[in-house]
Amino acid sequence: MLPGATEDTVEKLEQSVSSCPPVSEMMEARMTQREVAESLCGDLGLELVFQKTLGYGPCNTTNLSERMAGALKLMPVTEIRSILEEQGMVEMECEFCREKVVFTEEDLVARGVLGGE
């Protein structure tokens, strides 16, 4: 099962894992990678070998704006115009980082989403 692990170690690890909340709950609680690993290891302890910062997609504002403008290009122009008339802007939110990007009509024309009618 785990190379070099004793039966006792495997048993303790199985107990720790089974007593942990679902990973989705740990993520919602904003637990760090280390906290999740410590929770999974329980009484066995944790020796950190390396640490890496996770990122979700190109979520910096520049790339995010470009991606969202690309998605808007797939929508019917009439629908985008309707949103602009109702709200005066088009607001989109990244489902990964929750960053919001607001497009004005001028932004959408400059990015080629709308023609300069």
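As the structure is a computational prediction, the values presented were derived from the model and not from experiment. (Residues numbered from 1 in each chain as written. Predicted model: local features only at pLDDT ≥ 70, side-chain atom pairs only at ≥ 80, totals over all residues. Heavy atoms only, no water.)

Visitor: Would you mind going over the overall build of the protein with me for this structure?
Guide: Secondary structure assignment for the protein yields six helices and two strands. Along the protein, from the amino end to the carboxyl end, the secondary structure elements read α-α-α-α-α-β-β-α. Out of the 117 residues belonging to the protein, those deemed buried represent 19%. For the protein, restricting intrachain contacts to residue pairs at least 6 apart in sequence, the fraction spanning at least 24 positions comes to 48%. Here the protein displays about 8700 Å² of accessible surface, and carbon together with sulfur accounts for 52% of that area. (Helix = DSSP H or I, 4+ residues; strand = E, 2+ residues; numbered from the N terminus. Buried < 20%, exposed > 50% of the residue type's maximum accessible area, 1.4 Å probe, protein only. Contact = heavy atoms within 4.5 Å. Areas by Shrake-Rupley, 256 points an atom, 1.4 Å probe, with all protein chains shown as cover.)

Visitor: What am I meant to see in the nonpolar core here?
Guide: Nonpolar side chains in soluble globular proteins tend to end up buried together. Counting 13 residues, the largest nonpolar core has L72, I80, V90, F103, L108 and V113 as its most contacted members. Those elements that place two or more of their residues in this core are α4 (61-72), α5 (77-87) and β2 (100-103). By residue number, the principal contributor to this core is α4, which donates four residues. Those residues in contact with I80 that sit more than four places away from it in its chain are L72, M75, V90, L108, V113 and L114. (Core = buried A, V, L, I, M, F, W, Y, C linked by side-chain atoms within 4.5 Å.)

Visitor: What's the story with unusual backbone geometry in this structure? I'm lost.
Guide: Here the phi dihedral of R30 falls at roughly 60 degrees; this positive angle occurs in a residue that is not glycine. Structurally, R30 can be placed in the loop between α2 (23-28) and α3 (33-41). Its relative accessible area of 73% is what places R30 among the exposed residues.

Visitor: Could you clarify how one ought to interpret the pattern of salt bridges in this entry?
Guide: Think of it this way: side chains of opposite charge can pair up when their charged atoms draw near. What the rule picks out here adds up to four salt bridges. Ionic pairing is found between K12 and D8, a salt bridge with its closest N-O pair at 3.5 Å. Of this pair, K12 and D8 are both found in helix α1 (residues 7-19), four residues apart, which corresponds to roughly one turn of the helix. Of the residues examined, D8 reaches a relative accessible area of 43% and is grouped as partly exposed. One salt bridge in this structure joins E38 and R34, with 3.0 Å as the shortest N-O distance. Of this pair, E38 and R34 both sit in helix α3, four residues apart, which is roughly one turn of that helix. E38 sits in the partly exposed class, given a relative accessible area of 36%. Relative accessible area serves as the criterion here: at 37%, R34 is assigned to the partly exposed category. (Salt bridge = Lys/Arg side-chain N within 4 Å of Asp/Glu carboxyl O.)

Visitor: In this structure, what is going on with the layout of surface pockets? I would like to understand it.
Guide: Over the atoms, a rolled probe matching the size of one water molecule traces out where space is still vacant. Size it by volume and the second largest pocket reaches roughly 230 Å³. What lines the second largest pocket is simply Q33, R34, A37, L46, E47, L48, V49, F50, Q51 and K52. The class makeup of the residues in the lining of the second largest pocket is five nonpolar, two polar and three charged. (1 Å grid on protein atoms, 1.4 Å probe; cavity = no way out; pocket = protein on both sides within 12 Å on 5 of 7 lines; lining within 4 Å. Points joined across faces, edges and corners; volume = space filled by probe spheres on them. Nonpolar A, V, L, I, M, F, W, Y, C, P; charged D, E, K, R; others polar.)

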